[in-house]
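# Structural features, examined
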Amino acid sequence: MSNDKSEASESARDRLLGAARVLFYNDGIAGTGIDAVVKRAGVAKKSLYNNFASKAELVETYLEIRHDEWLSLYAARLAQATTPQQKVLAVFQAYEDHAEHAYERGFRGCGLLNAAAELPAGAPGRLAVRRHKEQVESILVEHLTPLTGQDTDRANTLARHFSFLLEGSISRAGLEGNGNCVRQAFAMASMMMEAL
């Protein structure tokens, strides 16, 4: 099937979300106007408002999609893991996969954190990003608990350390444009777990 037929069969909503996904990541939320999204999607402006009440709703949906994308990367890595250590490292590998994705203008960091940095304190989008990061940390707690002899306090502390390690590595990876920092964080986490 050619791209033209594929685009024609894709709903206006999906085309708008695809355009927003690329433009919000490339240029930022504030730097991307509705007209740019509509133009890239190849739909009428009315289609945007038929599918989304506002740009804010489009942004919220974009953030949900970014969260779901990461969960998919993690699920694929988790499916290959059998030990608690491998399950912890699956989280790091999902971050690496995120960093190594073929972005249109290259990798520039976590799309969720980039978006959160543009939104005002208390904005629904910032809260959505916080929930995502808290979910990642709770996944780490789940996998670290068996490694700590079911000591949940210790597992929570380690998960916090690992989540900070992840966030620092993905931020640096965004500056460097590749997943090398995440791979280094993976190695550090491996060494830390060997000491448990």
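Treat the numbers as computed from the prediction; the structure is a model and nothing was measured.

## Remarks on the packing of aromatic side chains
- In this structure the tally under the stated criterion is six aromatic pairs.
- Pairing Tyr-25 with Tyr-103 gives two aromatic rings, centres 4.6 Å apart and planes at 20°, and the pair type is stacked. Here Tyr-25 is found in helix H2 (residues 12-27), whereas its partner Tyr-103 is found in the loop between helix H6 (84-100) and helix H7 (111-118), with 78 residues between them in sequence. Taken individually, Tyr-25 and Tyr-103 each receive the classification buried, so the pair is uniform in this respect.
- One aromatic cluster is present, formed by Tyr-25, Tyr-103 and Phe-107 through successive ring pairs.

## What about the nonpolar core?
- Counting 57 residues, the largest nonpolar core has Val-91, Phe-92 and Leu-144 as the members making the most contacts within it.
- When residues of this core are traced back to their parent elements, those giving at least two are H2, helix H3 (34-41), helix H5 (55-78), H6, H7, helix H8 (124-144), helix H9 (152-176) and helix H10 (180-194).
- Contact partners of Leu-144, with chain neighbours within four places excluded, come to Val-88, Ala-155, Leu-158, Ala-159, Phe-162 and Met-193.

## Here's the deal with the environment of Arg-130
- Its place among the elements puts Arg-130 in helix H8.
- Expressed as a C-alpha distance, the spacing of Arg-130 and Asp-35, which sit 95 residues apart in the sequence, is 29 Å.

## Considering H7
- Listing the buried residues of H7 in full gives Gly-111, Leu-112, Ala-115 and Ala-116. For H7, the angular spread of the buried residues around the axis is 135°, confining them to a single face.
- Buried-residue contacts for H7 involve H2, H5, H6 and H8.

## Remarks on unusual backbone geometry
- Phi is positive for Gln-150, close to 65°, though the residue is something other than glycine.
- Tracing the chain through its elements places Gln-150 in the loop between H8 and H9.

## Topic: the environment of Lys-87
- Residue position: Lys-87 is located in helix H6.
- Overall, the relative accessible area of 28% leaves Lys-87 in the partly exposed class.
- Those residues within four positions of Lys-87 in sequence are excluded, and the remaining contacts are Tyr-74, Leu-78, Ala-81, Thr-82 and His-143.

## Things to note about the side chain of His-67
- Tracing the chain through its elements places His-67 in helix H5.
- Within polar-contact distance, the side chain of His-67 engages the side chain of Gln-135 at 2.9 Å.

## Quick look at the UniProt feature "domain: HTH tetR-type" (unreviewed entry) in the protein
- Here the UniProt feature "domain: HTH tetR-type" (unreviewed entry) sits at residues 10-70.
- Secondary structure over residues 10-70 splits into 77% helix and 0% strand, and the C-alpha atoms at its two ends are 23 Å apart.

Conventions used here
Residues numbered from 1 in each chain as written. Predicted model: local features only at pLDDT ≥ 70, side-chain atom pairs only at ≥ 80, totals over all residues. Heavy atoms only, no water. Phe/Tyr/Trp six-rings, centres within 6.5 Å; stacked < 30°, edge-to-face > 60°. Helix = DSSP H or I, 4+ residues; strand = E, 2+ residues; numbered from the N terminus. Buried < 20%, exposed > 50% of the residue type's maximum accessible area, 1.4 Å probe, protein only. Core = buried A, V, L, I, M, F, W, Y, C linked by side-chain atoms within 4.5 Å. Contact = heavy atoms within 4.5 Å. Arc of directions from axis to C-beta. Polar contact = N/O pair within 3.5 Å; in protein donor to acceptor, adjacent residues only side chain to side chain. UniProt positions renumbered as here; feature names shortened; annotations may be inferred.

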